[in-house]
Amino acid sequence: MIRHIDVAVQKIFEMKEKEPAKFKRLIEEGIMIGLGVDLGDRNKQMTVADQIKKQNKPKDPEYTAVAEAVIAGDRAETINLTVTLLGKGKDPTDLVLNALMPGIQTVCELYDMGESYVPEILLANEALIGGVELCQERIGEVPSQGKVVSLVIEGDVHDIGKNIVAAILRANGFEVVDLGRDITVEAAVRAVKATNADLVTGTTLMSTTKGGLKDLAEILDSEDVPVACGGAAIDRHFVDTFGNSIYGKTPLDAVKIAKKICAGKSWKEARKELY
Amino acid sequence: MDQAINIDIGTSGIRAQLLNLTDSSVLRTAILSRNPLPGANVVDHMDFAISYGQGIAHEILISAINSLVSNLKPENLRRIAVCGNPIQLSLFEGIEIRDLAFAGKNALEKIHVKPLERNGHIVSGNEIGLYADVDVIIPPSVRHEIGADALAMMIKSGFLDTPETCMVTDYGTNAEMALRVGDRIYTGSAAAGPVIEGQQISKGMLATPGAIADLKLSGGWQALVLDEKLRLVEGPRIDLRNRTFKATGYPTKGITGTGVIALMYAGLVTGIIKPPHIEGGIIRLGKGITFTEEDVIEAGKAFGALRAGQLTLMHEAGIAYEDLETMYICGASGTYVDPLKARFTGIVPATPKRIIQCGNTSLELAKDLALDPDYLSYLNEMKKSVLSNHVMFASSPTFEAIYVQEIALWNEGMPLEKYNSNLERSGIQPVPQKYHEVIIEKKSETDIHELGKSLEIVESKYGFTATIQCSGCDTCVKECPEEALSRESESFKINNERCLGTACRRCEERCPEKRFSISDFKLELPESIEIGQ
Ligand code: B12
Ligand code: SF4
Ligand code: SF4
């Protein structure tokens, strides 16, 4: 019986993601209650969020506190706890992997479920960076899925979308070097070489600046570092007019692209598999 | 009788009037209902100018204005005064625009372009290509995102004339706004995008006949549609809950910005729209006219930018929202929108005690300048004082903190309680959930205050043409979202007024034979200026 309900819950959540309108209607019609799963009930909904939290919860209670500070988006507390733990001689790599990352992963999973929102991811991201930087000071490189340089191209200052993309990439275990906004092609190329990045994500929201992404992708071709392009000023057709690039619409696309590229796929393969 | 002409060069259309200098009256009005440059917004216009040569862009704009001027049939013309945003005014004058085309100093340093001063000044008509060789008065721009049109909004709304705390906003693409607290004026521009003008929405359109511009409740939702004289008349009846409509009344083609505001209001109050979703996925407004979840998201991005800008100004000025006495709402959308519906969507603050709808202030300022060119020195002085408290939203952490909440609210369905608690966490006042009793005043019934004896809607008749040898599959023609492209055997023509320009290029990108190249198109100016209906 328990298993049965589990399957039902799973299906219901699939529907919530894919067909939210239908999902809401079903609730209204009381079908959920008929199934014996009252999702409208706040307590039960908390259980799902709690379940995610529980799954990601580090075993060590001191690590749990760090993860919770990240979840709460409390940068000061995250830094405090990290300093204390490093002082106690904890391994910085272990701290990143098993205390800080589980925190951001939780927020990300909650976000995917519609239980958390962009502002919370951004705050959690700030907290995460605070902790990771301290660990990095000790060990230099921290283990990651790959290294991504993120930027808004020259002539454009719209950086809110880029910040969201960078935060979600970090939450998915990528090391992100955020160069900021209004970044010239030359500065971007220098940064890619200096950091040995696997991928660049370039954002632009203005028609006058989109050409910069094309220039960047073409120059980086010789470095074999592709440019994932996004932002409201461009679409797939535009990005397909030049090589060494992959178009993405959402931050989740950025994660998918990064996974492919960091797994050694070429931009052509990534395009083929993702489009 | 000595005459003068005042012109408002807007991104979505150009309005010109002939004035009688003896009694300051308006004799005639002529308007171009679209800006003749290809593109849907100012940045597209600039991109077009940069890609095709600024000379061509200038020529297109000047020819359009020449045709408006000749349509007004002036006699004894003494001068012309213009008003508009810095980009349109620079394109009109034919001066540097690259400092406006790129934001951020890195890009500008790289191409060695310094921002221009753009103080108010006078040039001669011939010098800039006008047929009429009279003085042309060009007002100052404060900064690249705050132009003469923003000064007009402050001066002509009444915003500067009362001692009380008040705010003014132009409900257009750039969403210029100003807050006045005592002697200080705080300005900003939230770049909300063209949704409020009916663009960027799948069935969005400018305020022309057949456009839904409002909704009212009378035993169900009743769409109000603009008729051929731009009066609001009854259109289809819309059943939001069952996603059906009854095609009665005036036939509809699409929906304007104020229509979008009214529809969002109706959807939100009935719970049919729960951002970013619509119950059942879409709302049907008429045959082939639907409002989609994508549209809800686009509307949310624009509404959010407006509120984020207004809250940022109040935060920077250090006032409580309750201190706001009067709100002036300007622009065509500001004139025709139902302020209470706008307030419900958050784009008009909840707290002012008076809301005043003001009409097109840009045309009015151009009129003042046409009547009295000495007014220019006052505007140049005003520029200095406005500059001192300008808030650059691009570098304001407050704006960013609020706008991120707006994105979550509209695009992710974050509850308002969370929005407010997040704001409080960042040290920003939460938005009030109760509305004040409010008095609504309308300064003018139409966005153009005085039309004179006649109103003519002029169309610019020229376009871009090219000869392409290909199979003639017409993919390019069919893919054009604006019906701007036509083909007659090997000759192709683009209607530049309708074309979305460099931001689009669908025709070129989708040509299966790779024969289509926009750069092959040449501007075709009419031999003599043609004047339409
Ligand atoms: C907020 C905003 C601003 C803010 C920016 C604040 C900031 N720090 O970013 C402010 C008010 C400062 C601003 C200013 C300007 N803006 Co503005 N702005 C907007 C607005 C309203 C929303 C943009 C936004 O933040 N969207 C939300 C974010 C989350 O979306 P996003 O960036 O697209 O990112 C998402 C996806 O694209 C994707 N993504 C992003 N990057 C990447 C990368 C990869 C690899 C992938 C896979 C995915 C991905 O994930 C993100 C999250 O979902 C739009 C209009 C609109 N309605 O869209 C105009 C808009 C972008 N602005 C515009 C303009 C012109 C300007 C100005 C130049 C105006 C002027 N005349 O001065 C100024 C320039 C700056 C300056 N120097 O002052 C125009 C651009 C027009 C065009 N086609 O070129 C727009 C479209 C409005 C308009 N007028 O039509 N703006
Ligand atoms: S498809 Fe071509 S002609 Fe049509 S709007 Fe786009 S760029 Fe212009
Ligand atoms: S899409 Fe290409 S081949 Fe087809 S009609 Fe247009 S230009 Fe010719």
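Computed from a predicted model, the values in this text were never measured in an experiment.

When its secondary structure is counted, chain A shows 14 helices and five strands. Counting the 275 residues in chain A, one finds 51% classified as buried. In chain A, the share of contacts with a sequence separation of at least 24, taken over all contacts with a separation of at least 6, comes to 70%. Taken as a whole, chain A presents about 12900 Å² of accessible surface, with 52% of it coming from carbon and sulfur.

This part is about the coordination of the cobalt atom of ligand 1. What the protein offers the cobalt atom of ligand 1 as a donor is a single atom, His158 of chain A (NE2), at 2.2 Å. Relative to the helices and strands, His158 of chain A resides in the loop between strand E1 (147–153) and helix H9 (160–171).

The next thing to look at is the site of ligand 2. Residue and element names in this part refer to chain B. Neighbouring residues of ligand 2: Cys480, Pro481, Ile494, Cys499, Leu500, Gly501, Cys504, Arg505, Arg506 and Cys507. Because more than half of its atoms lie within 2 Å of the grid, ligand 2 is assigned to the largest cavity. A class-by-class count of the residues in the shell around ligand 2 yields seven nonpolar, one polar and two charged.

Attention shifts here to the site of ligand 3. With respect to spatial proximity, the complete set of residues near ligand 3 consists of Cys470, Gly472, Cys473, Asp474, Thr475, Cys476, Cys511, Pro512, Glu513 and Phe516 of chain B. The class makeup of the residues in the shell around ligand 3 is six nonpolar, two polar and two charged.

This part is about the sheet that holds strand E5 (residues 121–124) of chain B. Residue and element names in this part refer to chain B. The strand order E5-E6-E4-E1-E2-E3-E22 describes an open sheet built from seven strands, whose pairing is mixed. Strand pairing shows two members of the sheet lacking a second neighbour, E5 and strand E22 (454–458), which therefore form its edges. Across the sheet, the axes of successive neighbouring strands diverge by a mean angle of 20 degrees, strand direction being ignored. Direction of pairing for strand E1 (residues 3–10) relative to strand E2 (residues 13–20): antiparallel, over a ladder of eight bridges. Across the sheet, Gly10 pairs through a bridge with Gly13, a residue of E2. Along the sheet, helix H11 (residues 361–371) makes contact with E1, E2, strand E3 (25–32), strand E4 (77–84) and strand E6 (135–138), crossing E4 at roughly 150 degrees.

The subject of this paragraph is the pairing of strand E7 (residues 166–170) of chain B. Regular strands have side chains that alternate between both faces of the sheet. All names here are of chain B. Burial of E7 is extensive: five of the five residues sit out of reach of the surface. As paired elements, E7 and strand E8 (residues 176–181) share four bridges and run antiparallel to each other. When the sheet's bridge partners are listed, Cys166 is paired in E8 with Arg180. Remark: five residues form the turn of the hairpin made by E7 and E8, two consecutive strands paired antiparallel; Ala175 in that turn has positive phi of roughly 45 degrees. Bridge count between E7 and strand E19 (residues 326–330): five bridges; the pairing is parallel. The partner of Met167 across the bridge, within E19, is Met327.

So, on to the confidence of the model for chain B. All names here are of chain B. For chain B, per-residue confidence averages 92 on the pLDDT scale, and 98% of positions sit at 70 or higher. Averaged pLDDT values over the elements of chain B bottom out at 82 in strand E26 (residues 522–524) and peak at 98 in E6. Here residues 527–533 scores under 50 on pLDDT; set against residues more than four positions off or in separate chains, the count is 14 contacts. Overall fold confidence for the complex sits at a pTM of 0.89, while the interface term, ipTM, reaches 0.86.

As a further point, take the packing of aromatic side chains. Residues and elements named next belong to chain B. Following the criterion strictly, the structure yields 13 aromatic pairs over all chains and no others. Between Phe159 and Tyr328, the aromatic rings sit 6.5 Å apart at their centres with planes inclined by 85 degrees, giving edge-to-face as the arrangement. With a gap of 169 residues between them, Phe159 in the loop between helix H6 (148–157) and E7 and Tyr328 in strand E19 connect regions that are remote in the sequence. On the numbers, 5.3 Å between centres and 35 degrees between planes, the contact of Phe516 with Phe521 is tilted. The two residues Phe516 and Phe521 agree in class, both being buried. Members of the aromatic cluster, connected to one another through ring pairs, are Phe48, Tyr52 and Phe464.

What counts and how
- Residues numbered from 1 in each chain as written.
- Chains lettered and ligands numbered in written order.
- Predicted model: local features only at pLDDT ≥ 70, side-chain atom pairs only at ≥ 80, totals over all residues.
- Heavy atoms only, no water.
- Helix = DSSP H or I, 4+ residues; strand = E, 2+ residues; numbered from the N terminus.
- Buried < 20%, exposed > 50% of the residue type's maximum accessible area, 1.4 Å probe, protein only.
- Contact = heavy atoms within 4.5 Å.
- Areas by Shrake-Rupley, 256 points an atom, 1.4 Å probe, with all protein chains shown as cover.
- Donors = N, O, S within 2.8 Å, 3.2 Å for Na, K, Ca; no water.
- Near = heavy atom within 4 Å.
- 1 Å grid on protein atoms, 1.4 Å probe; cavity = no way out; pocket = protein on both sides within 12 Å on 5 of 7 lines; lining within 4 Å.
- Sits in = over half its atoms within 2 Å of the grid points.
- Nonpolar A, V, L, I, M, F, W, Y, C, P; charged D, E, K, R; others polar.
- Pairing = 2+ DSSP bridges.
- Axes fitted to C-alpha atoms, helices over the stretch in contact; angles between N-to-C directions.
- pLDDT = per-residue confidence, 0-100.
- Phe/Tyr/Trp six-rings, centres within 6.5 Å; stacked < 30°, edge-to-face > 60°.

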